[in-house]
Amino acid sequence: MIPRYVFDSDHEMFRDTVRKFLEAEAVPHHAQWEKDGQVSREIWLKAGEQGFLCPTVPEEYGGVGVDFRYNAIVSEEFSRLGLTGLGWGLHSDISVPYIIRYGTEEQKQKYLPGCVSGEIITAIAMTEPGAGSDLQGIKTTAVRDGDDYIINGSKTFISNGQMCDLVIVVVKTDPSAGSNGISLFLVEAGTPGFSKGSNLEKIGLKAQDTSELFFQDVRVPKENLLGGEGRGFVCLMQDLPQERLSVSLIGLAMAESILEQTVAYVKERKAFGKAIATFQNTQFKLAELDTEVTAARVFLDRCLELHIEEKLDTATASKAKLLCTELQCKVNDECLQLHGGYGYMAEYPVARAFVDARVQRIYAGTNEIMKLIIGRELLS
Ligand SMILES: Cc1cc2nc3c(=O)[nH]c(=O)nc-3n(C[C@H](O)[C@H](O)[C@H](O)COP(=O)(O)OP(=O)(O)OC[C@H]3O[C@@H](n4cnc5c(N)ncnc54)[C@H](O)[C@@H]3O)c2cc1C
């Protein structure tokens, strides 16, 4: 194992606390949450109490004001344990940072303390039934009416969609202005005209709530505009590296964990009178996977360092997302095979990881879009 230099002893102490907390408070309940289609509110509040949500929120807004490495640790730990229902990556790494970065003083004071405590669960709603990869194709609009805006449209596949108390909604304020006509709005659950559809049934991430959201003449004050009118697309583009880094961290930690569990399994499982670990095919498969995972870890840690230095560019973050999520799916597939029939049984973590991981290549920008970005940069 190549030592990781991106974390120091304070980080490792924090990691230890997170791991113990998750083992005690989340692992025993995850199977039930998978049946419920969502995690409990209680786990959010308990995590908030411990300071595990949104660690980068500055102290004046109720946070601890540390750097993104603490987010990374939380993501790595819940991922290693296969706790895929916890929508904390989306909340702490993706949606809340928009409020930290682009929020007005009033918005920060109003929302950030609740985001940190777990009383406010956030979501970000970009995708629509007719537009995913092509964000500029969205149809949801916000039209100015006096001191308010009126939002109409619908969103789909929204993570934390059932549980969310606050949604960042991507809309068009000027449909004729292309990317300059896109804006972000903060919409609170309970606002008249805003409704949540049913919890969508997915093949994996069973404990993670994912929903359609509907906006019918939703009146929000102009103070709920986030980042300025027409600035939505720029804000979204600027925050892409962190979003992609977050998904990569989750993917690689899950891959490492499944690989580790498979190494233990092949030493125990016997065929033809000997452990399947003794077969050359098993050793070669594991050696190949371990080599790729090790290389990806070194690259991803470097990306994390660059991000802390605010030097991680979108193309490099896209490479991390492409590499780590493709590798995650490969590891799951090969490791499932090494488990034989047991690997197909839902009670085995490798079986659940196999389906849970599949979406990693789709959301946060599909891997085809990652290639588009990398290719564009390469050829520019
Ligand atoms: C479980 C889950 C959770 C999600 N959470 C959220 C969320 O919280 N918020 C949110 O806003 N969205 C969320 N999404 C939506 C997700 O981001 C989109 O599904 C994704 O961006 C792809 O969009 P699409 O589904 O419309 O596919 P499409 O854009 O229709 O793409 C279909 C296929 O065409 C390919 N394609 C598209 N354009 C090109 C191109 N130019 N070149 C080559 N290939 C191309 C794609 O790569 C893909 O393979 C979630 C999705 C899922 C499944």
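Preceding this paragraph is the structure being described.
Here the structure is a predicted model, which means the values were calculated and not measured.

Visitor: Which parts of the structure should I look at to understand empty space enclosed by the protein?
Guide: Over the atoms, a rolling probe the size of a water molecule traces out where space has been left empty. All told, the structure shown has 1 cavity of 30 Å³ or more when counted by the stated rule. Considering only enclosed or pocket space, the largest cavity measures out at about 30 Å³ in volume. Lining the largest cavity we find Phe52, Asn71, Val74, Ser75, Trp88, Gly89, Ser92 and Asp93. Elements with a minimum of two residues in the lining of the largest cavity: helix 4 (68-80) and helix 5 (88-102). The leading source of residues in the lining of the largest cavity is helix 5, at 4 residues. Its residues assigned to classes, the lining of the largest cavity shows 3 nonpolar, 4 polar and 1 charged.

Visitor: Sorry if this is basic, but what is going on with the layout of surface pockets here?
Guide: Here the second largest pocket defines a volume of roughly 500 Å³. Lining of the second largest pocket is provided by 15 residues; of these, Phe68, Arg101, Gln242, His307 and Glu310 occupy positions nearest its centre. Among the secondary structure elements, those contributing two or more residues to the lining of the second largest pocket are helix 5, helix 8 (240-268) and helix 9 (280-308). The element contributing the most residues to the lining of the second largest pocket is helix 5, with 3 residues.

Visitor: Can you walk me through the site of the ligand in this structure?
Guide: In the vicinity of the ligand there are 18 residues, among which Thr127, Ser133, Phe157, Thr366 and Glu368 approach most closely. Backbone polar atom of Met126 to an oxygen atom of the ligand: 2.8 Å apart, as the coordinates give it. Taking Thr366, its side chain carries an N or O atom lying 2.7 Å from an oxygen atom of the ligand. Protein chains bury 65% of the 970 Å² of accessible surface belonging to the ligand in isolation. Here the shell around the ligand is built from residues that sort into 11 nonpolar, 5 polar and 2 charged.

What counts and what doesn't
- Residues numbered from 1 in each chain as written.
- Predicted model: local features only at pLDDT ≥ 70, side-chain atom pairs only at ≥ 80, totals over all residues.
- Heavy atoms only, no water.
- 1 Å grid on protein atoms, 1.4 Å probe; cavity = no way out; pocket = protein on both sides within 12 Å on 5 of 7 lines; lining within 4 Å.
- Points joined across faces, edges and corners; volume = space filled by probe spheres on them.
- Helix = DSSP H or I, 4+ residues; strand = E, 2+ residues; numbered from the N terminus.
- Nonpolar A, V, L, I, M, F, W, Y, C, P; charged D, E, K, R; others polar.
- Near = heavy atom within 4 Å.
- Polar contact = N/O pair within 3.5 Å; in protein donor to acceptor, adjacent residues only side chain to side chain.
- Areas by Shrake-Rupley, 256 points an atom, 1.4 Å probe, with all protein chains shown as cover.

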